Amino acid sequence: MPKAGEVTFYLSLPSSTAELGEAAAEAAMPGSHDYRHFSSLDEAARRFGATDAQINSVAKSVKTLGLRFSADPTRLFGRVTGSTQQWQAALGTALSKQAGKASSPFITYILPRQVPAALQPSGTSLLLPESQVYDPTAEGSRPPSGSRPTTSPGATSATAPEAAEPWPFN
């Protein structure tokens with residue numbers, strides 16, 4: 001899990017997505033030999049995801065930029081994480097940034113159009129050029145959600161207005 005102040009972008013890993021699609025179709029097709037026979041996550045990751053050698057190669061490439069890499073258990077994608085300063089050093093330019101606001105308390109960081117080749121090793125690609133990070137300071141002025149009951153004399157705590165639920169952190 002990223003620490004406060006860190007930004008994470010997602011990278012696809014080399015995989016057998018065509019074979020994964022075929023296996024999913026077989027498991028969903030009534031009458032097929034594999035109908036409703038589902039693989040475990042580990043089995044599917046081994047069968048359709050990146051190999052250990054591919055994951056190690058991607059991790060080594062990303063590490064040369066001073067960023068951290070972690071492969072998802074599915075072996076289909078990984079997370080590339082670093083502070084905004086680490087991203088600036090890796091990219092040679094700062095990430096573009098859009099501030100969070102009360103209606104959406106997430107800072108949006110955007111990668112530049114050109115990124116170093118080490119960030120997209122052979123067989124991989126960045127899944128999205130944007131990443132959002134929760135900004136608790138933007139939430140402070142968020143209006144409560146839902147309708148608020150009117151208070152009447154003798155109202156109990158059951159009819160008291162409820163506070164807005166907090167936003168998720170990731």
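Thresholds applied
- All residue numbers refer to position in the chain's written sequence, counted from 1.
- Totals for whole chains, interfaces and linings use every residue, but because this is a predicted model, local features are given only for residues with pLDDT of at least 70 and side-chain atom pairs only at 80 or more, for both listing and counting.
- Calculated side-chain values reflect all of the structure's heavy atoms, with hydrogen atoms and water omitted.
- What makes two strands pair is DSSP finding at least two bridges between them.
- Helix numbers and strand numbers start at the N terminus; a helix is a DSSP run of H or I with at least 4 residues, a strand a run of E with at least 2.
- The contact definition used throughout considers only heavy atoms, calling two residues in contact when any of these lie within 4.5 Å.
- To get an axis, a line is fitted to the C-alpha atoms, and for a helix only the part in contact is used. The angle between two axes follows their N-to-C directions and goes from 0 to 180 degrees.
- Nonpolar side chains (Val, Leu, Ile, Met, Phe, Trp, Tyr) within 5 Å and like charges within 9 Å form the patches, drawn only from residues with over 30% relative accessible area and no salt bridge.
- Reported accessibility uses the Shrake-Rupley method at a 1.4 Å probe radius. Residues are deemed covered only where the shown protein chains occlude them.
- Think of a salt bridge as a Lys or Arg side-chain nitrogen and an Asp or Glu carboxyl oxygen that are within 4 Å of each other.
- Under this rule, positive means Lys or Arg and negative means Asp or Glu; His and the chain ends count for nothing.
- In this description, the location of a charge corresponds to atom NZ of lysine, CZ of arginine, CG of aspartate or CD of glutamate.
- Categorising residues by exposure relies on relative accessible area from a 1.4 Å probe, with only protein chains included: less than 20% of the type maximum marks a residue as buried, more than 50% marks it as exposed, and the intermediate range marks it as partly exposed.

## Describing the sheet that holds strand β6 (residues 125-126)
In a beta sheet, neighbouring strands are held together by backbone hydrogen bonds and run either parallel or antiparallel to one another.
Part 1 of the argument: Ordered in space as β2-β3-β1-β6, the 4 strands form an open sheet in which the pairing is antiparallel. Each end of this open sheet is capped by a strand with a single partner; those strands are β2 (68-71) and β6.
Part 2 of the argument: In this sheet, strand β3 (residues 77-83) lies alongside β2 in antiparallel orientation, the contact comprising 4 bridges. Paired with Arg68 across the bridge in β3 is Thr81.
Part 3 of the argument: Taken strand by strand, helix α3 (residues 52-63) contacts β1 (6-12), β2 and β3, and its axis lies near 160° from that of β2.
Part 4 of the argument: Across the face of the sheet, helix α4 (residues 84-91) comes into contact with β1 and β3 while running at roughly 105° to β3.

## As for a negative patch on the surface
Part 1 of the argument: On the surface, Glu19, Glu22, Glu26 and Asp34 cluster together to form a negatively charged patch.
Part 2 of the argument: As for its position among the elements, Glu26 is in helix α1 (residues 17-28).
Part 3 of the argument: Of the residues examined, Glu26 reaches a relative accessible area of 33% and is grouped as partly exposed.

## Some words on the sheet that holds strand β4 (residues 96-98)
Part 1 of the argument: Across the sheet, which stays open at both edges, the 3 strands sit in the order β4-β5-β7 with antiparallel pairing between neighbours. Each having just a single partner strand, β4 and β7 (130-134) make up the two edges of the open sheet. Neighbouring strand axes in the sheet, compared pairwise and without regard to direction, differ in orientation by 25° on average.
Part 2 of the argument: Across 5 bridges, strand β5 (residues 106-110) lies against β7 in antiparallel orientation. Paired with Phe106 across the strands is Tyr134, a residue of β7.

## Structural notes on a nonpolar patch on the surface
Part 1 of the argument: Taken together, Tyr10, Leu127 and Leu128 make up a surface patch of nonpolar side chains, about 300 Å² in accessible area.
Part 2 of the argument: Position of Leu128 among the secondary structure elements: in the loop between β6 and β7.

## Section: the pairing of β3
Every other side chain in a regular strand lies on the same face of the sheet, so the side chains alternate between the two faces.
Part 1 of the argument: Counted residue by residue, β3 has 5 buried out of 7 residues, so it is predominantly covered.
Part 2 of the argument: Where β1 lies against β3, 7 bridges are found, and the strand directions are antiparallel. When the sheet's bridge partners are listed, Leu11 is paired in β3 with Gly78.
Part 3 of the argument: With antiparallel pairing between neighbouring strands as the criterion, β2 and β3 make up a hairpin whose turn holds 5 residues, including Arg75 at a positive phi of roughly 65°.

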